[in-house]
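One-letter residues, chain by chain:
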Amino acid sequence: MTEFWLISAPGEKTCQQTWDKMVLATTRTNNLSTNTKFNIPDLKVGTLDVLVGLSDELAKLSTFVESVVRKVAQYMADVLEDSRDKVQENLLANGVDLVTYITRFQWDMAKYPIKQSLKNIAEIISKQVSQIDNDLKARASAYNNLKGNLQNLERKNAGSLLTRSLADIVKKEDFVLDSEYLITMLVVVPKTNYADWQKTYETLAEMVVPRSTKLLFEDNDSGLFSVTLFRKAVDDFKLKARENKFSVRDFQYNEEEMKADKEEMNRLSTDKKKQFGPLVRWLKVNFSEAFIAWIHIKALRVFVESVLRYGLPVNIQAMLLQPNKKNMKKLREVLYDLYKHLDSSAAIIDASMDIPGLNLSQQEYYPYVYYKIDLNLLDFKS
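Rules of the game
- Residues numbered from 1 in each chain as written.
- Predicted model: local features only at pLDDT ≥ 70, side-chain atom pairs only at ≥ 80, totals over all residues.
- Heavy atoms only, no water.
- Pairing = 2+ DSSP bridges.
- Helix = DSSP H or I, 4+ residues; strand = E, 2+ residues; numbered from the N terminus.
- Axes fitted to C-alpha atoms, helices over the stretch in contact; angles between N-to-C directions.
- Contact = heavy atoms within 4.5 Å.
- Expected span 1.5 Å × (residues − 1).
- Core = buried A, V, L, I, M, F, W, Y, C linked by side-chain atoms within 4.5 Å.
- Buried < 20%, exposed > 50% of the residue type's maximum accessible area, 1.4 Å probe, protein only.
- Parallel < 35°, antiparallel > 145°, perpendicular 65-115°, else oblique.
- Left-handed = near helix turned anticlockwise from the far one by under 90°.
- Nonpolar A, V, L, I, M, F, W, Y, C, P; charged D, E, K, R; others polar.

1. Structural notes on the sheet that holds strand 5 (residues 222-230)
Strand pairing in a sheet relies on backbone hydrogen bonds, with the paired strands running either antiparallel or parallel. Across the sheet, which stays open at both edges, the 4 strands sit in the order 4-5-3-6 with antiparallel pairing between neighbours. Of all the strands in the sheet, the pair left with one neighbour each is strand 4 (214-218) and strand 6 (247-249). Direction aside, neighbouring strands of the sheet carry axes that sit 35 degrees apart on average. Sheet strands in contact with helix 7 (residues 234-243) are strand 3 (182-190), strand 5 and strand 6, and its direction is about 5 degrees off that of strand 3.

2. Considerations on helix 8 (residues 255-310)
Taking 1.5 Å per residue as the helical rise, helix 8 with its 56 residues ought to reach 82 Å, and the 80 Å between its terminal C-alpha atoms agrees with that figure. G311 sits one or two positions beyond helix 8 and adopts a positive phi of about 80 degrees.

3. Quick notes on the nonpolar core
Core analysis: the largest hydrophobic core is formed by 84 residues, its most contacted members being I125 and F291. With 19 residues, helix 8 is the largest single contributor of residues to this core. The residues touching I125, leaving out its near neighbours within four places in the chain, are L61, V65, Y112, A293, H296, I297 and L300. M185, L204, A205 and A233 belong to the second-largest nonpolar core, a separate cluster that totals 18 residues.

4. Some points on the packing of helix 2 (residues 48-79) against helix 5 (residues 118-156)
Where helix 2 contacts helix 5, the two axes come as close as 10 Å, and the packing angle between them is 25 degrees. Here helix 5 runs roughly parallel to helix 2, going by the angle between their axes. Crossing of helix 2 against helix 5: the hand is left-handed. Residue composition of the contact of helix 2 with helix 5, grouped by class: 18 nonpolar, 3 polar and 7 charged.

Now the structure itself:
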């Protein structure tokens, strides 16, 4: 289960009491969730007006940062060619797995100094993650172009004999070259028609050189034959070949062109290998950065929302719950009973219930401060 609920409630006589009460209600007797304290430092509160405005800004920023976290994770999966096990082991935050990071969350004082105002901290995160987003677009574009060009060339060198590149199949000695009168042509013949070809190729046009055909290459369905004839008979030969279900390939032997194609493929393949390592390293580092920023925004949101809801002085206990999947509905009910005195207007409505005219999935509201953290970041295409 990769879903966590980040909640907060006001301190009773002490914050420890708030914590003990929640633990007693959710785990001691009924195993509804696994709980850890979520440590938020003493942040600067500022004025109420600023907090109200910041609440909206943080909601937008949270959506943006989460989208970048998911993009980096998904691109990591694409670059590692969708090898699920390898992807997970590369998606770390501060060198540890994501569950460990959030269950042992410690505010990063160096990155986000708490002497700064909440607005400034939000701006630091916004700039940092926007930079990651822009860098990702540039790097992904360059790598995807390279990968696409290489795939196109690889496709040219695979596929059926009717369409594939012949550069790695034919040799110079297969052709009559530099002759004023003669030309060697290449014909694709279905395997079932080999006997017909041998019987008829000399008579498909006048001036076909007798016994000049040679099988150069075979795939599962067809064979590639060479045949030599006089240049003036080419059009006639093509027409008759088509009538007999033999396909003439438009091909002229050009050593320079073929060499250039091979070199281009080698170059692209080498470039892709060269870029792969640094790109994966960049994705690992910046996934970690973006993920850490995202969880810090969650902490900011809990703090701001708690001050707006529960008032001053700041006296809150933030808690991270990992719901037991089978008991999520029950956990909601228990939390509601525990905290309904905080806000009687927050009716117990399950956000997954479809009530006409109420779009609750966008605005889940409970008597306690609540934010969901979903660690299922990868959209694997089946």
